[in-house]
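A closer look at the structure
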Amino acid sequence: MTIAKDLSRHLLLNTVIAATSLLAGLAGKFAIDLTALAAEAIWPSISKQLLLQALLLSLVLLIPTCLILFWLVLKARGRKFAFGVNWDRKGTPFCPACDVAMHLTSVGEPDSDGLKCPRCAEFVWLIDEDTQATVSMRQAKRFVREKG
């Protein structure tokens, strides 16, 4: 279930990036077509100051959007999915549903630990995907650091 959530989140991120790129391309194409059609009628009445202000406004809106998308892509690539959760390079587990650092919840057995999200209250057992056996937090961190 958590693998499906993680995959759907990555698919959503890729879809948002693709849609943003498509919209930017369509907006650019529309602007070029509109400029070509209306240039003869509108161009003499537009001041250079208005054009510069429009260019500045578009840059002010475009640059933060690009930076946010770049940050989201870097953030998504910096995590590794293992044992049902996302792990950063330091070995901190993050909730696969809402991407918040999870808290260790010991269930009393020495070789099995669970993680609970403080935001959405999702509970995830640390389970090895290959053997379907539960593992301890120490084993999971060691594995993630070695393979990371």
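Each chain has its residues counted from 1, running along the sequence as written. Only residues with pLDDT of at least 70 get local features here, since the model is predicted, and only at 80 or more are side-chain atom pairs given and counted; chain-wide, interface and lining totals rely on the full set of residues. To obtain the side-chain values, all non-hydrogen atoms of the structure were included, while hydrogens and water were left out.

**So, the overall build of the protein chain**
Across its full length, the protein chain holds 3 helices and 6 strands. Sequence-ordered secondary structure for the protein chain, helices as α and strands as β, is α-α-β-β-β-β-β-β-α. Counting over 148 residues, the protein chain shows a buried share of 22%. In the protein chain, 41% of the contacts between residues at least 6 apart in sequence involve partners at least 24 apart. Only DSSP runs of H or I reaching four residues or more are called helices, and only runs of E reaching two or more are called strands; each is numbered from the N terminus. Exposed residues in this analysis have more than 50% of their type's maximum accessible area, buried residues have under 20%, and partly exposed residues fall in between, with area computed by a 1.4 Å probe over protein chains only. In this description, contact between two residues means that some pair of their heavy atoms is separated by no more than 4.5 Å.

**With respect to unusual backbone geometry**
If you check the backbone angles, Asp-99 has positive phi at about 60° while not being a glycine. Mapped onto the elements, Asp-99 comes out in the loop between strand S3 (93-94) and strand S4 (103-106).

**Focus on the environment of Val-144**
Checked against the element boundaries, Val-144 lands in helix H3 (residues 137-147). For Val-144, a relative accessible area of 6% puts it in the buried group. Sequence spacing of Val-144 and Lys-80 is 64 residues, and the spatial spacing of their C-alpha atoms is 7.9 Å. If we ignore the near neighbours within four places in the chain, the residues touching Val-144 are Ala-82, Phe-83, Trp-87 and Asp-88.

**As for the environment of Thr-131**
Its location among the elements puts Thr-131 in the loop between strand S6 (123-125) and H3. Looking at Thr-131, the relative accessible area reads 54%, which means it is exposed. At a separation of 3.3 Å, a polar atom in the side chain of Thr-131 contacts the side chain of Asp-128. Any pair of N or O atoms that falls within 3.5 Å is considered a polar contact. Within protein, one atom must be able to donate a hydrogen and the other to accept it, and sequence-neighbouring residues count only if both atoms are side-chain atoms.

**Regarding the sheet that holds strand S2 (residues 85-87)**
Paired through their backbone hydrogen bonds, the strands of a sheet run either parallel or antiparallel. In this scheme, strands are said to pair when DSSP sees at least two bridges between them. Strand order in the open sheet made by the 3 strands is S1-S2-S3, with antiparallel pairing throughout. Looking at strand neighbours, the two that pair on one side only are strand S1 (80-82) and S3, the edges of this open sheet. Sheet topology places S1 next to S2; 3 bridges connect them, and they run antiparallel. From the neighbouring strand, Lys-80 faces S2, where its bridge partner is Trp-87. Only the stretch in contact is used when a helix axis is fitted, and all axes are lines through C-alpha atoms; the angle between N-to-C directions ranges over 0 to 180 degrees. Seen against the sheet, H3 touches S1, S2 and S3 and runs at an angle of roughly 55° to S2.

**Topic: H3**
For H3, the full list of buried residues reads Met-137, Ala-140 and Val-144. Along H3, the residues classed as buried sweep out an arc of 65° about the axis, all on the same side. What points out from H3, more than 90 degrees from its buried face, is the exposed set Arg-138, Arg-145 and Glu-146. Directions are taken from the helix axis to each C-beta atom, and the arc is the one they span.

**Digging into the nonpolar core**
Ranked by internal contacts, the top residues of the largest apolar core, which has 16 residues, are Phe-83, Trp-87, Met-102 and Leu-126. At 3 residues, H3 tops the list of elements feeding residues into this core. If near-sequence neighbours (up to four positions away) are discounted, Phe-83 is found in contact with Val-124, Trp-125, Leu-126, Ile-127, Asp-128, Glu-129, Val-135, Ala-140, Phe-143 and Val-144. Only buried residues count toward a nonpolar core. Its members are Ala, Val, Leu, Ile, Met, Phe, Trp, Tyr and Cys residues joined through side-chain atoms within 4.5 Å.

**Side note on the confidence of the model for the protein chain**
The predicted structure's coordinates, where accompanied by low pLDDT, should not be read in detail. Predictor confidence is given residue by residue as pLDDT, running from a minimum of 0 to a maximum of 100. Of all residues in the protein chain, 80% have pLDDT values of 70 or greater, and the mean over the chain is 78. The element-level mean pLDDT for the protein chain is lowest in helix H1 (residues 2-42), coming to 71, with S3 highest at 88.

**What about the environment of Val-135?**
In this structure, Val-135 sits in the loop between S6 and H3. Owing to a relative accessible area of 12%, Val-135 belongs among the buried residues under this scheme. Residues Val-135 and Trp-125, spaced 10 residues apart in sequence, show a C-alpha to C-alpha distance of 8.4 Å.

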